[in-house]
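Listed below, chain by chain, are the residues.
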Amino acid sequence: QVQLVESGGGLVQAGGSLRLSCAASGSIASLNVMGWYRQGPGKQRELVAGITKGGSTNYADSVKGRFTIFRGNAKNTVYLQMNSLKPEDTGDYYCNLKEDYRTQYWGQGTQVTVSS
(Lines give C-alpha, C1' and ligand atoms only; values in the text may rest on other atoms or scores of the structure.)
Protein backbone atom coordinates (compact mmCIF):
# COMPACT_ATOMS: atom_id res chain seq x y z
CA GLN A 1 0.00 0.00 0.00
CA VAL A 2 1.44 3.32 -1.07
CA GLN A 3 1.18 6.05 1.51
CA LEU A 4 2.11 9.70 1.38
CA VAL A 5 2.59 11.70 4.55
CA GLU A 6 2.85 15.48 4.56
CA SER A 7 4.05 17.82 7.24
CA GLY A 8 5.09 21.42 7.68
CA GLY A 9 1.84 23.28 7.43
CA GLY A 10 0.86 25.94 9.88
CA LEU A 11 -0.12 29.52 10.41
CA VAL A 12 2.16 32.24 9.16
CA GLN A 13 1.94 35.96 8.55
CA ALA A 14 1.99 37.38 5.06
CA GLY A 15 5.54 37.59 3.80
CA GLY A 16 6.65 34.63 5.85
CA SER A 17 7.89 31.22 4.80
CA LEU A 18 7.03 27.59 5.29
CA ARG A 19 8.52 24.37 4.04
CA LEU A 20 6.22 21.47 3.34
CA SER A 21 7.55 17.93 3.36
CA CYS A 22 6.20 14.76 1.84
CA ALA A 23 7.46 11.22 2.16
CA ALA A 24 6.03 8.38 0.11
CA SER A 25 6.38 4.77 1.09
CA GLY A 26 5.38 1.46 -0.42
CA SER A 27 5.86 -0.15 -3.79
CA ILE A 28 6.37 2.81 -6.08
CA ALA A 29 7.40 2.89 -9.71
CA SER A 30 10.85 4.33 -10.29
CA LEU A 31 9.50 6.71 -12.92
CA ASN A 32 7.05 9.03 -11.29
CA VAL A 33 6.03 12.61 -10.92
CA MET A 34 5.50 14.16 -7.53
CA GLY A 35 3.82 17.40 -6.80
CA TRP A 36 1.86 19.61 -4.53
CA TYR A 37 -1.75 20.59 -4.98
CA ARG A 38 -3.80 22.95 -2.92
CA GLN A 39 -7.42 23.73 -2.35
CA GLY A 40 -8.31 27.10 -0.94
CA PRO A 41 -11.61 28.01 0.67
CA GLY A 42 -14.34 27.82 -1.94
CA LYS A 43 -11.89 26.88 -4.67
CA GLN A 44 -11.13 23.81 -6.71
CA ARG A 45 -7.97 21.85 -6.15
CA GLU A 46 -5.13 23.11 -8.30
CA LEU A 47 -1.60 22.08 -9.07
CA VAL A 48 0.89 24.26 -7.27
CA ALA A 49 4.13 22.64 -8.35
CA GLY A 50 5.31 19.39 -9.86
CA ILE A 51 8.64 17.71 -10.37
CA THR A 52 9.69 14.74 -12.49
CA LYS A 53 12.24 12.10 -11.56
CA GLY A 54 14.72 13.94 -13.74
CA GLY A 55 14.16 17.21 -11.95
CA SER A 56 12.00 19.08 -14.42
CA THR A 57 9.59 21.37 -12.62
CA ASN A 58 6.50 23.34 -13.32
CA TYR A 59 4.62 25.85 -11.22
CA ALA A 60 1.31 27.56 -11.11
CA ASP A 61 1.66 31.11 -12.36
CA SER A 62 0.53 32.43 -9.01
CA VAL A 63 3.50 30.94 -7.17
CA LYS A 64 6.32 31.34 -9.67
CA GLY A 65 9.27 33.06 -8.11
CA ARG A 66 7.99 32.42 -4.60
CA PHE A 67 7.73 28.64 -4.28
CA THR A 68 10.33 26.01 -5.03
CA ILE A 69 9.74 22.29 -5.32
CA PHE A 70 12.60 19.87 -4.94
CA ARG A 71 13.23 16.23 -4.25
CA GLY A 72 15.08 15.03 -1.21
CA ASN A 73 17.89 12.53 -1.02
CA ALA A 74 15.63 9.88 0.43
CA LYS A 75 13.58 7.92 -2.07
CA ASN A 76 10.27 9.45 -3.00
CA THR A 77 10.52 12.53 -0.86
CA VAL A 78 9.56 15.97 -2.01
CA TYR A 79 9.52 19.41 -0.48
CA LEU A 80 7.83 22.68 -1.20
CA GLN A 81 9.63 25.78 -0.03
CA MET A 82 7.09 28.56 0.22
CA ASN A 83 8.41 32.10 0.51
CA SER A 84 6.75 35.49 0.43
CA LEU A 85 3.48 33.91 1.42
CA LYS A 86 0.26 35.72 0.68
CA PRO A 87 -3.19 35.33 2.21
CA GLU A 88 -4.39 33.84 -1.06
CA ASP A 89 -1.96 30.97 -0.52
CA THR A 90 -4.17 29.79 2.31
CA GLY A 91 -5.56 26.32 1.82
CA ASP A 92 -5.09 22.64 2.27
CA TYR A 93 -1.96 21.37 0.57
CA TYR A 94 -1.80 17.82 -0.70
CA CYS A 95 1.18 15.81 -1.81
CA ASN A 96 0.66 13.76 -4.95
CA LEU A 97 2.60 10.97 -6.60
CA LYS A 98 1.67 9.92 -10.12
CA GLU A 99 3.03 6.76 -11.71
CA ASP A 100 0.92 7.07 -14.83
CA TYR A 101 -2.33 8.62 -15.91
CA ARG A 102 -4.38 6.04 -14.03
CA THR A 103 -2.21 5.41 -10.99
CA GLN A 104 -1.69 8.14 -8.46
CA TYR A 105 -1.68 8.59 -4.73
CA TRP A 106 -2.53 11.40 -2.36
CA GLY A 107 -1.46 12.44 1.07
CA GLN A 108 -3.87 13.40 3.80
CA GLY A 109 -3.19 17.09 3.40
CA THR A 110 -1.63 19.76 5.55
CA GLN A 111 -3.20 23.11 6.30
CA VAL A 112 -1.52 26.37 5.44
CA THR A 113 -3.01 29.58 6.75
CA VAL A 114 -1.53 32.94 5.84
CA SER A 115 -2.77 35.90 7.80
CA SER A 116 -2.66 39.49 6.64
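Provided above is the structure to which this section pertains.
If you're wondering where the values come from, they're calculated on a predicted model, not measured in any experiment. (Residues numbered from 1 in each chain as written. Predicted model: local features only at pLDDT ≥ 70, side-chain atom pairs only at ≥ 80, totals over all residues. Heavy atoms only, no water.)

A.B. asks: Sorry if this is basic, but what is going on with the state of the cysteines here?
C.D. replies: Note on terminology: disulfide describes a covalent bond linking the sulfur atoms of two cysteines. Going through the model one piece at a time under the given rule, you end up with one disulfide. One disulfide bridge connects C22 with C95, the sulfur atoms lying 2.0 Å from each other. Torsion about the S-S bond of the C22 and C95 cystine: about -85°, corresponding to left-handed handedness. Pair noted here: C22 is in strand β3 (residues 18-25) and C95 is in strand β9 (residues 91-100), with a separation of 73 residues, a long-range link. Here the two residues C22 and C95 agree in accessibility, since each one is buried. (Disulfide = S-S within 2.5 Å. Helix = DSSP H or I, 4+ residues; strand = E, 2+ residues; numbered from the N terminus. Buried < 20%, exposed > 50% of the residue type's maximum accessible area, 1.4 Å probe, protein only.)

A.B. asks: Please clarify how the nonpolar core should be interpreted in this entry.
C.D. replies: Considering soluble globular proteins, one finds that nonpolar side chains tend to be buried as a cluster. W36, V48, F67, V78, L80, M82 and Y93 are the most contacted members of the largest nonpolar core, which totals 26 residues. Listing elements by their share of this core, those giving two or more residues are β3, β4 (33-39), β5 (46-52), β7 (67-71), β8 (77-82), β9 and β11 (110-115). Among the elements that make up this core, the one with the highest residue count is β3 (four residues). (Core = buried A, V, L, I, M, F, W, Y, C linked by side-chain atoms within 4.5 Å.)

A.B. asks: Whenever I open this one, the pairing of β3 confuses me. Can you help?
C.D. replies: Side chains on a regular strand alternate between the two faces of the sheet. Only one face of β3 is covered, namely the face carrying L18, L20, C22 and A24; the face carrying R19, S21, A23 and S25 is uncovered. Examined bridge by bridge, strand β1 (residues 3-7) and β3 share five bridges and lie antiparallel to one another. Across the sheet, the residue bridging to Q3 is S25, located in β3. Here β3 runs beside β8; their pairing, made up of six bridges, is antiparallel. Looking at the pairing, R19 lines up with Q81 of β8. (Pairing = 2+ DSSP bridges.)

A.B. asks: Would you mind going over the packing of aromatic side chains with me for this structure?
C.D. replies: Any pair of aromatic rings gets described here by the distance separating the centres and the angle formed by the planes. Under the criterion given, the structure shown has two aromatic pairs. Note on F70 and Y79: the rings are 5.2 Å apart at their centroids and 20° apart in plane angle, and the pair reads as stacked. The aromatic ring of W106 is capped on one face by R45, whose charged end is 3.8 Å from the ring centroid. (Phe/Tyr/Trp six-rings, centres within 6.5 Å; stacked < 30°, edge-to-face > 60°. Lys NZ or Arg CZ within 6 Å of the ring centre and 35° of its normal.)

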